Every structure is written in structure tokens, then in C-alpha cells.
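Residues per chain are reported as follows:
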Amino acid sequence: MSVNYEVSAEGIARITLDRVEKRNAQDTDLLYSLNECFDRAAHDDEVRVIVLKANGAHFSSGHDMNEPDKIGAMSRWETVGTWCGFSCSDIEAQMGREREMYLGFSERWRNIPKPTIAQVQGAVVAGGLMLVWPCDIIIAGESAYFQDTTIDMAVAGAEFFHHPWEVGVRRAKEMLFTGEPVTAREALDLGMVTRVVADDELAATVQELASVIARKPPFALKLVKQAVNAAQDAQGRPAALETSFALHQLSHAENLLKHGRLVDPQFFTGSRSGLKPSAPAP
Ligand code: ZN
């Protein structure tokens, strides 16, 4: 299994990405397994707090760009959304997959009515952001960095386009225009993460925080989470997400017309001027 699940006696569910050899790159099975774990934690009334973490040096290097037949792999799983079309051609199938598994999953997880904490170290790149941003609280090890490299693929940002809410409008633009990382310390200054600790103190820090929250009244926790999420949504977040998702699909369509694939192949060769291959160091 590429995702592990356990619940402690105090009601803390720990969901652990465990595809270390691929730097926790997300293939279809990993994402559906992760979604199942979130559902399991959400449905278990004994679970008070959910922690999402990852084994290895890197939290997640993003979507697995080398997965063969990504859309075919979905047939092994029961889909959770209603936007289908997976057997259609090109953009229609891709949009169906991304609405189900990228935007759809991230929104589902963001709306789980229980506190969620992301515990992150190392690379959190592109699709990796879409696992940590849906969580309520992000605690970072000093090695953590947050990066959206989609500009180098000629793609218009990660599908769960939360950048403006996570780092502010101007930093979001610099992050997206350059594809350069936001460090853990900078993420702390920007309010994206609430604590940065030494990597070897990360697990203990999250454990301590999760224990404090696990002792609070669960229904009140559910209500305050809903209240904060509603405040964010009142700023126009859902409508903005729909717009950015449509623009993201437009960038895939343009790449498909120009290059016959969904992303610009120059990303893989690093041949675009000034482009560095974005894969994190092991
Ligand atoms: Zn996409």
C-alpha cells in the first residue's frame, strides 16, 4: 500500500504517504487510497483529529508524470464525484479526471468536518500543495519548501488553485510566474504554516498539537472549522476556484494542440531558457 492508516487511543488518525522510492509522487492508486483514508477518518466518530504526513525525505514531489494510462487506472476505483466522461477523448477525459481527483479530492478533504493537520518535510511540489493546502493547519520541518512548477510545463497553476489564499496575491504571482520555491521560514512569515521546527522535532510537535485539539469538544471544533471556511468562501473562493480550474484546462488544451500532450515537453528536457529540472534532490 502506498498510504498507511492508524488511529491512536486518544483519537488521532494518522494517514501516512508511503511511496518513498518515488518521493511520494501521486499516482491514481495513491490518491484514491488517500481519499479512502480521509473518508475512513471522517466517518469514524472516535477520530477527533486527522494528521496527514509522509515517510521519507520529501512530503510529495507532485503528480506522478510517468504513470501509464492514468485514466484507465481509475477504473479500479469507485469514483466519488459526478463529473464523469473518463472514456471520452483528450481534454474531456482529462477534465473529468482532474475534477474528480485533483480539484474534487482537495475540496472534499478541505471540507471534512474535523480538524486536519499536515506534517511536512522536504519537497511539497505542485500536486503536493494540493495535499497540504486542504488541511486546516500546516506544521513544517525546516527542510520543507513549497513550489508550483507548472509554469515550466506551460500549465496555469496547480488544479486546486489556493495560492492567493495561502501566500497572498502578490507572493502568489511571484510564486507562479517564477516557479521558485517558498521556504518553510517564508511560509511561516506569510501565515501559510503556523510553526516551523527542526525536522527531528516535527513528529513530536504535531503530536503535542493534535493531543491538545483532540481533547476539545468535537462538535464545537466542527462548527468553528465550518465558520472559518465559510468566512473564506464568502471572499469568493469557490467561484475563483472554478475560474482558475477552467483556465488550467485551457492551458492543457493549448499544449495538446501545440505538442500533442497535456504539458509542454520542454519541461522534461529542461531546454526552456533558464529552466532548471524541478525534481527534488533525493
Ligand atoms: Zn491538470
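Relevant structure appears above.
A short tour of the structure in this document, coming up. This structure is a prediction, so every number in the text was calculated from the model and none was measured. (Residues numbered from 1 in each chain as written. Predicted model: local features only at pLDDT ≥ 70, side-chain atom pairs only at ≥ 80, totals over all residues. Heavy atoms only, no water.)

**Regarding the coordination of the zinc ion**
Protein-derived coordination of the zinc ion comes from Glu98 (OE), Glu98 (OE), Glu159 (OE), His248 (NE2) and His252 (NE2), at a distance range of 2.0 to 2.5 Å. In the primary sequence, the donor residues of the zinc ion line up as E-x60-E-x88-H-x3-H. Of this pair, Glu98 sits in helix 3 (residues 90-110) while His248 is found in helix 10 (residues 237-259), placing the two residues 150 residues apart along the sequence. (Donors = N, O, S within 2.8 Å, 3.2 Å for Na, K, Ca; no water. Helix = DSSP H or I, 4+ residues; strand = E, 2+ residues; numbered from the N terminus.)

**Focus on the packing of aromatic side chains**
Enumeration according to the criterion identifies four aromatic pairs in this entry. Between Tyr32 and Trp77, the ring centres sit 5.4 Å apart and the planes meet at 15°, which makes this aromatic pair stacked. Taken together, the positions of Tyr32 in helix 1 (residues 28-43) and Trp77 in the loop between helix 2 (70-73) and helix 3 put the pair 45 residues apart, joining distant regions of the chain. Using a relative accessible area of 1% as the deciding quantity, one classes Tyr32 as buried. Seen in terms of ring centroids, Tyr32 and Phe105 are 5.0 Å apart; in terms of plane orientation they differ by 85°. Their pairing is edge-to-face. Highlighted residues: Tyr32 in helix 1 and Phe105 in helix 3, separated in sequence by 73 residues. No difference in accessibility class separates Tyr32 from Phe105, as the two residues are buried. Grouping aromatic residues by their ring pairs yields a cluster made of Tyr32, Phe38, Trp77, Phe105 and Trp109. One residue, Arg99, lies across the ring of Trp83, its end atom 4.5 Å from the ring centre. (Phe/Tyr/Trp six-rings, centres within 6.5 Å; stacked < 30°, edge-to-face > 60°. Buried < 20%, exposed > 50% of the residue type's maximum accessible area, 1.4 Å probe, protein only. Lys NZ or Arg CZ within 6 Å of the ring centre and 35° of its normal.)

**Things to note about unusual backbone geometry**
The phi dihedral of Asn24 falls on the positive side, at around 55°, and the residue is not glycine. Its location among the elements puts Asn24 in the loop between strand 2 (12-17) and helix 1.

**Things to note about the sheet that holds strand 6 (residues 137-141)**
Taking strand neighbours across the sheet as the criterion, the six strands line up as 1-2-3-4-6-9 in an open arrangement whose pairing is mixed. Each of the sheet's edge strands pairs with one partner strand only, and the pair in question is strand 1 (3-7) and strand 9 (195-197). Pairs of neighbouring strands in the sheet enclose a mean axial angle of 20°, with direction left out of account. Pairing geometry for strand 6 and strand 9, over three bridges, is parallel. Bridge pairing links Gly141 to Val197 in strand 9. With respect to the sheet, helix 1 is in contact with strand 1, strand 2 and strand 3 (49-54), its orientation differing from that of strand 1 by roughly 10°. (Pairing = 2+ DSSP bridges. Axes fitted to C-alpha atoms, helices over the stretch in contact; angles between N-to-C directions. Contact = heavy atoms within 4.5 Å.)

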